[in-house]
Amino acid sequence: MPTKMNPISFSIGLASAFVVGLAALPALAMEGNLYYGVQVEQLEYRYGDENEQAAAWDGDAFIGTDELKLRWQSKGERDLRDDSFDTLENRLVLQTPITDFFDAKAGVRLDTPTGTDRWYGTVGISGLAPQWFEIDADIFVSETGDSSARLDIEYEALLTNRLILTPSVETNVAFSDDQEIGTGQGLSKVELGLRLSYDLIDRAVSPYIGISHERKFGNTANFARDDGGDRDATYFVIGTRLMY
């Protein structure tokens, strides 16, 4: 049986570090320039191989300096037929550089889908790996003491100065069962994507088309079937990237 971390101690420690970092933002802003921005990597309509229809997004907004940023990250998927949220995740993290190419981040995450809500503490890193692969790796500990991890990898292949092909993979692993939210121990879900975008206005607006495939594994797949869901799904997607 996996050993669960004490969620209360973890949350208190993480919240303390978060408050200290947040308090440091004004002082850092006095020493250097204060930056802010919004980036929406995915804002799309999905049509599934079994006539599923969904709206999905993945984006973030930040404010801060080169040394410390406060970042709000949001992603979700809404079933347009049932008018319900399959997933709805929001994170508030502090982010600081640890190397020339990678940042460390820590904060809190709240999931509020149509089903059970969950709070998490989160730590992770993000940045550019060799060959310009974009990496985002996170560890989560929920209010119930269940831990999990997620790895996002994305690569932008420039076909022309404006036409970009972006393959992506998201892998989720759970270190214990949390049947209440339909997550099983082990490799729980993998999502593969391939999107072809065209930069209209200096990467500020980039419409795209593509395909996305999701598959659940192990007990996560079993929980989904027991709940009337599917183990896997393939979607045609059309949407746009936005950057401000």
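Residues numbered from 1 in each chain as written. Predicted model: local features only at pLDDT ≥ 70, side-chain atom pairs only at ≥ 80, totals over all residues. Heavy atoms only, no water.

A. Just the environment of R195, in detail. By the element assignment, R195 lies in strand β11 (residues 186-198). Look at R195 and you get buried, because its relative accessible area is 7%. Here the alpha-carbon distance between R195 and P167, two residues 28 residues apart in the chain, equals 6.5 Å. For R195, the residues in contact, after removing those within four places along its chain, are Q42, E44, R46, I164, L165, T166, S168, Y208, I209, G210, S212 and V237. There is a polar contact of 3.0 Å between the side chain of R195 and the side chain of E44. (Helix = DSSP H or I, 4+ residues; strand = E, 2+ residues; numbered from the N terminus. Buried < 20%, exposed > 50% of the residue type's maximum accessible area, 1.4 Å probe, protein only. Contact = heavy atoms within 4.5 Å. Polar contact = N/O pair within 3.5 Å; in protein donor to acceptor, adjacent residues only side chain to side chain.)

B. Here's a closer look at the pattern of salt bridges. One pass over the full model with this rule turns up 19 salt bridges. The shortest N-O distance in the salt bridge between E191 and R46 comes to 3.5 Å. Of this pair, E191 sits in strand β11 while R46 sits in strand β1 (residues 35-48), placing them 145 residues apart in sequence. We classify E191 as buried; its relative accessible area is 14%. Residue classification places R46 among the buried residues on the basis of a relative accessible area of 4%. Across the pair E89 and R109 runs a salt bridge, and its minimum N-O distance is 3.6 Å. In this pair, E89 is assigned in strand β4 (residues 84-97) and R109 in strand β5 (residues 102-111), connecting sequence segments 20 residues apart. In this structure, E89 and R109 share a single accessibility class: buried. (Salt bridge = Lys/Arg side-chain N within 4 Å of Asp/Glu carboxyl O.)

C. Looking closely at the confidence of the model for the protein chain. Mean pLDDT over the protein chain works out to 89, with 87% of the residues at or above the 70 mark. A low-confidence stretch, residues 1-12 (pLDDT under 50), is modelled with 17 contacts involving residues beyond four sequence positions or located in other chains. (pLDDT = per-residue confidence, 0-100.)

D. Focus on the side chain of E52. Looking at where E52 falls in the secondary structure, it is placed in the loop between β1 and β2 (53-64). The side chain of E52 is buried and forms no salt bridge, while R81, the nearest opposite charge, is found at 5.5 Å. A distance of 2.9 Å separates the side chain of E52 from the backbone nitrogen of E50, its partner in a polar contact. (Lys, Arg positive; Asp, Glu negative; His and termini not counted.)

E. The arrangement of empty space enclosed by the protein in detail. Under the counting rule described, the total for this entry stands at 1 cavity of 30 Å³ or more. Space inside the largest cavity adds up to approximately 100 Å³. Where the lining of the largest cavity is concerned, the elements lending two or more residues are β1, β10 (163-174) and β11. Its residues assigned to classes, the lining of the largest cavity shows 1 nonpolar, 4 polar and 4 charged. (1 Å grid on protein atoms, 1.4 Å probe; cavity = no way out; pocket = protein on both sides within 12 Å on 5 of 7 lines; lining within 4 Å. Points joined across faces, edges and corners; volume = space filled by probe spheres on them. Nonpolar A, V, L, I, M, F, W, Y, C, P; charged D, E, K, R; others polar.)

F. Quick look at the packing of aromatic side chains. Taken as a whole and assessed by the stated rule, the structure comprises 4 aromatic pairs. Centroid distance F101 to W132: 6.2 Å. Interplanar angle 75°. Geometry classified as edge-to-face. Taken together, the positions of F101 in the loop between β4 and β5 and W132 in the loop between β6 (118-129) and β7 (133-142) put the pair 31 residues apart, joining distant regions of the chain. Here F101 falls in the partly exposed class, since its relative accessible area comes to 48%. Relative accessible area serves as the criterion here: at 54%, W132 is assigned to the exposed category. Geometry around Y120 places R109 over its ring, the cationic atom sitting 4.1 Å from the centre. Sitting over the ring of F140, R109 keeps its end group 4.4 Å from the ring centre. (Phe/Tyr/Trp six-rings, centres within 6.5 Å; stacked < 30°, edge-to-face > 60°. Lys NZ or Arg CZ within 6 Å of the ring centre and 35° of its normal.)

G. Up close: a negative patch on the surface. Where like charges cluster on the molecular surface, the negative patch consists of D49, E50, D230 and D232. With respect to the helices and strands, D230 occurs in the loop between α2 (218-226) and β13 (232-243). Given the relative accessible area of 38%, D230 is considered partly exposed. (Patch = residues over 30% accessible without salt bridge, like charges linked within 9 Å, V, L, I, M, F, W, Y side chains within 5 Å. Areas by Shrake-Rupley, 256 points an atom, 1.4 Å probe, with all protein chains shown as cover. Charge placed at Lys NZ, Arg CZ, Asp CG, Glu CD.)

H. Local environment of α2. For α2, the complete set of buried residues consists of T220, A221, F223 and A224. For α2, the buried positions fall inside an angular range of 160° around the axis, keeping them on one side. In the core, the buried residues of α2 are packed alongside β11 and β12 (205-216). Two residues or fewer after α2 comes G228, characterised by a positive phi angle close to 85°. (Arc of directions from axis to C-beta.)

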